[in-house]
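Each chain, letter by letter, is given below.
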Amino acid sequence: MNKPLSPWRRIANACMLVANMVAGIGLVVSAYSGEISPLERPVCGVVVLTFPGWLALTVMLLVLDLIRWRKTALVAIVALAASWPMVWDTCPLNIGKGIPDGTPHDRVFTLLSYNVYNLRDRTESYPDRTNPTLSYILRMDADIVCLQELAVLEQMPDRHLYKAQLDSLHERYPYAILSGYALTFLSKYPVTPIHLDVTTRERGNYCDIGGYVVEIEGHRLAVFSVHLQSYSLTASDKSLYRDLTKLRADEDLHELRNTLLYKLEVAAMRRATQAATLKRYIEYYGGENVVVCGDFNDVPGCYTLHALAEAGMREVWPEVAFGPTWTYNDNRFYFRIDHVLWKGRMRPADISRGNKRFSDHYPLLTTFYWEE
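Below or above, wherever it landed, is the structure these notes cover. (Residues numbered from 1 in each chain as written. Predicted model: local features only at pLDDT ≥ 70, side-chain atom pairs only at ≥ 80, totals over all residues. Heavy atoms only, no water.)

1. Some remarks on the environment of Asp 330
Heads up, the condition is: Here a helix means four or more residues in a row that DSSP labels H or I, a strand means two or more in a row labelled E, and each is numbered from the N terminus. Two residues form a contact once any of their heavy atoms are found within 4.5 Å.
Within the secondary structure, Asp 330 is located in the loop between helix H11 (317–320) and strand S11 (338–343). When the C-alpha positions of Asp 330 and His 361 are compared, they lie 8.0 Å apart, and in sequence the two are 31 residues distant. The residues touching Asp 330, leaving out its near neighbours within four places in the chain, are Arg 122 and Asp 360.

2. Things to note about helix H7 (residues 163–172)
Because the α-helix completes a turn every 3.6 residues, residues three or four places apart line up on one side. Rule in force here: For every residue, the accessible area (1.4 Å probe, protein chains only) is compared with the maximum for its type, and the residue is labelled buried under 20%, exposed over 50%, or partly exposed between those bounds. In this context, the arc is that of the directions from the helix axis out to the C-beta atoms.
Considered for burial, the residues of H7 that qualify are Gln 165, Leu 166 and Leu 169. All buried residues of H7 project into a common sector of 100 degrees when viewed along the axis, lining one side. Exposed residues lying more than 90 degrees from the buried face of H7 are Ala 164 and Glu 171. Buried residues in H7 make contact with helix H6 (132–140) and strand S4 (183–187).

3. Some thoughts on the sheet that holds strand S2 (residues 144–148)
The cut-off we apply is this: Any two strands between which DSSP finds at least two bridges are classified as paired. For every element, the axis is a line fit to its C-alpha atoms; helices are fit only across the contacting stretch, and the angle between N-to-C directions ranges from 0 to 180 degrees.
Overall, mixed pairing links the six strands, which are arranged S3-S4-S2-S1-S13-S12 in an open sheet. The outermost strands of the open sheet, each flanked by one partner alone, are strand S3 (175–179) and strand S12 (346–353). Shown here is a sheet whose adjacent strand axes are inclined to one another by a mean of 15 degrees, direction ignored. When S3 meets S4, the two strands line up antiparallel, connected through five bridges. When the bridges of S4 are listed, Leu 178 appears paired with Thr 184. Strand contacts of H6: strand S1 (108–115), S2 and strand S13 (364–370), with the helix running at about 165 degrees to S1, the strand carrying the most contacts.

4. Thoughts on helix H1 (residues 7–32)
Quick reminder of the rule: Expected span of a helix: the number of residues minus one, times 1.5 Å.
With 26 residues, H1 ought to run about 38 Å at 1.5 Å a step, and its terminal C-alpha atoms sit 38 Å apart, in line with that. Looking at H1, one finds that the buried residues are Asn 13, Met 16, Asn 20, Ala 23, Gly 24, Gly 26, Leu 27, Ser 30 and Ala 31. Close packing links the buried residues of H1 with helix H2 (44–47), helix H3 (51–68), helix H4 (73–82) and helix H5 (84–90).

5. Quick notes on the packing of aromatic side chains
Definition in use: Only rings of Phe, Tyr and Trp enter the pairing, Trp through its six-membered ring, and a pair is recorded when the two centres are within 6.5 Å. The plane angle decides the type: under 30 degrees is stacked, over 60 is edge-to-face, the rest tilted. Counted as over-ring charges are cases with an Arg CZ or a Lys NZ within 6 Å of the ring centre that also lie within 35 degrees of the ring normal.
Under the defined criterion, the tally for this structure stands at ten aromatic pairs. Its end group placed over the ring of Tyr 117, Arg 120 keeps NZ or CZ at 4.2 Å from the ring centre. The cationic tip of Arg 280 hangs over the ring face of Tyr 281; the distance from NZ or CZ to the ring centre is 5.9 Å.

6. What about the side chain of Thr 58?
Secondary-structure assignment places Thr 58 in helix H3. The buried category is assigned to Thr 58, whose relative accessible area is 2%. Residues in contact with Thr 58, not counting those within four places in the same chain, are Ala 23, Gly 24, Leu 27, Ala 76 and Leu 80.

7. Some remarks on the packing of H1 against H3
Counted only if it meets this: Here the angle decides the label: under 35 degrees means roughly parallel, over 145 means roughly antiparallel, 65 to 115 means roughly perpendicular, and every other value means oblique. Left-handed describes a crossing whose near helix is turned anticlockwise from the far helix through less than a right angle; right-handed describes the clockwise counterpart. Nonpolar residues are Ala, Val, Leu, Ile, Met, Phe, Trp, Tyr, Cys and Pro. Charged residues are Asp, Glu, Lys and Arg, and all others, Gly as well, are polar.
At a minimum axis distance of 9 Å, the contact between H1 and H3 shows a crossing angle of 150 degrees. Taken together, the axis directions place H1 and H3 in an arrangement best described as roughly antiparallel. At the point where H1 passes H3, the crossing takes the left-handed sense. Of the residues in the contact of H1 with H3, the class split is 13 nonpolar, six polar and three charged.

8. What about the pattern of salt bridges?
Stated formally: Just to be clear on terms, a salt bridge is a Lys or Arg side-chain nitrogen sitting within 4 Å of an Asp or Glu carboxyl oxygen.
Applying the stated criterion across every chain, the model contains ten salt bridges. Measuring nitrogen to oxygen at the nearest pair gives 3.0 Å for the salt bridge that ties Arg 314 to Glu 319. Exposure remark for Arg 314: the relative accessible area of 39% places this residue in the partly exposed category. Overall, Glu 319 belongs to the buried group, its relative accessible area being 16%. Among the charged side chains, a network of salt bridges with common partners joins Asp 141, Asp 143, Arg 172 and Lys 188.

9. A word on the environment of Met 60
By the secondary structure assignment, Met 60 is in helix H3. Since its relative accessible area comes to 45%, Met 60 is described here as partly exposed. Separated by 16 residues in the primary sequence, Met 60 and Ala 76 have C-alpha atoms spaced 9.6 Å apart.

10. Quick look at the nonpolar core
Rules: Side-chain atoms within 4.5 Å link the members of a nonpolar core, which is a set of buried Ala, Val, Leu, Ile, Met, Phe, Trp, Tyr and Cys residues.
If you look at the biggest cluster of nonpolar residues, it comprises 27 residues, and the most contacted ones within it are Ile 144, Phe 185, Leu 221 and Phe 368. Each residue touching Phe 185, except ones within four places of it in the same chain, is listed here: Ile 144, Val 145, Cys 146, Tyr 175, Ala 176, Ile 177, Val 191, Tyr 212, Val 214 and Val 223. Formed by 22 residues, the second largest nonpolar core is a distinct cluster that contains Val 48, Met 86, Ala 267 and Phe 335.

11. Digging into the packing of H1 against H4
Running from N to C, H1 and H4 point in directions that differ by 0 degrees, and their axes come no closer than 9 Å. Here H1 lies roughly parallel to H4, going by the angle between them. Here Leu 17, Asn 20, Met 21, Gly 24, Leu 27, Val 28 and Tyr 32 of H1 come into contact with H4, specifically with Val 75, Ala 76, Ala 79, Leu 80 and Ala 82. A per-class count over the contact of H1 with H4 returns ten nonpolar, two polar and no charged.

12. Brief notes about the pairing of strand S8 (residues 219–227)
Burial of S8 is extensive: eight of the nine residues sit out of reach of the surface. Inspection of the sheet shows strand S7 (residues 205–216) paired to S8 by nine bridges, in the antiparallel sense. Within S8, the residue paired with Asp 208 across the bridge is His 227. Hairpin connection from S7 to S8: two residues lie between these consecutive antiparallel strands, with Glu 217 at a positive phi of about 50 degrees. Sheet analysis places S8 next to strand S9 (residues 290–295), joined by six bridges and oriented parallel. Along S9, the bridge assignment pairs Val 226 with Gly 294.

Now the structure itself:
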C-alpha cells in the first residue's frame, strides 16, 4: 500500500505542475509567434526572441520531472512535441550529412557570409600587422563572399589594411562589387549585379539588400546579400539588458517597457516590410537557383524567415548543422541572427560558424553541391 504524500510533498508537486504548464505554454506560444506578422501584432516579433529561454526551462523541468515526479513530465513532453519544428530549427541534430561520394569538384562551391564591422578588429591584436578579418577571408578561400558593413575596399592604416593584402584579395577574387550602403560581394566566378533601389538609412530606418547573378560552371545562381533593420539599441539600452541577464531586479520596469520592448517591436515591424520587399525581388529576379544570406538581425522562426519560405526559400542551418549556435557575440545578445537560405537545383552539404571575434558577428561558411 502506497504511503500517503505529506502536505509539503503535495505542494511541491503542485508547484512543479504549474511550472511545467507555464513553461510549456511559453514554449508553444513563442514557437509559433513568428508566423504572425509584426505589422498586425508587433509583440509577436518580440515573443519569438524568448523561445531559447523557454526551451532551456522546459528541458530543465523535464529532467527534474524524470528524477522527482514523472507524472508532470508529460506536460513538458507534449509542449516539446507541439513546438518540435521550432525546436529542430534552433537545435538540429544532423548526422552524416556532407557531399555525396563521387561528386565532381566542379559541382561543389562554397559561400562565406560575414558582417565584418567595417574591418575593425574588436580584439585590437593585429598579430602580423595585417587586417585579421581580411586574413580570415583569404584563409577560408570561399568561392563567393558576401560581406555586410563594408562600404569601401581601400588602404586603411588605422585598421592595418595595406596594399599587399588588398592585392592578394583582388587576385583571389577578380569579380568585386560594392553595392547598397555597405555591402561588398566577392566572387571567383563571373558576376552581374542586379540593380535594386532598396537601401534606406534615415530616421532609424535601415535596410541594405544587394542582388547578384553568378555564373557557376554553367549554372545561373542569384545571390541576395542582406543587412536588415537592427534593434537600434543605445548603450544604455544594452546596459539595461546586461543587467537583466545578470538577474538584477533593481531596474525600473517602466523604463524597460519604454526602451527595450518598444524598440524591439518597431524593429520587427520594419523588418516585416523589408521581408516583403526581399520576397518580391526573389520572385521577380531570383529564377530557379537562389541563395539569400547575411545579417537578418532576427532569430530562427522569425517572421522574415517565414515570409521567405513562402517564396520557396529554406534555411541551411536546420538542414545540415548539428546543435544550436549564435552568430552575434556582443552585449550578451547570444542569438543566431545571421542566416543562409537556398532554393533550386543545389543542396547544402555543410555549414560552419567561425569563432574569431574580430567583428561583433561570427561568419558562416556554407558548402553547396549541384544536383545531377
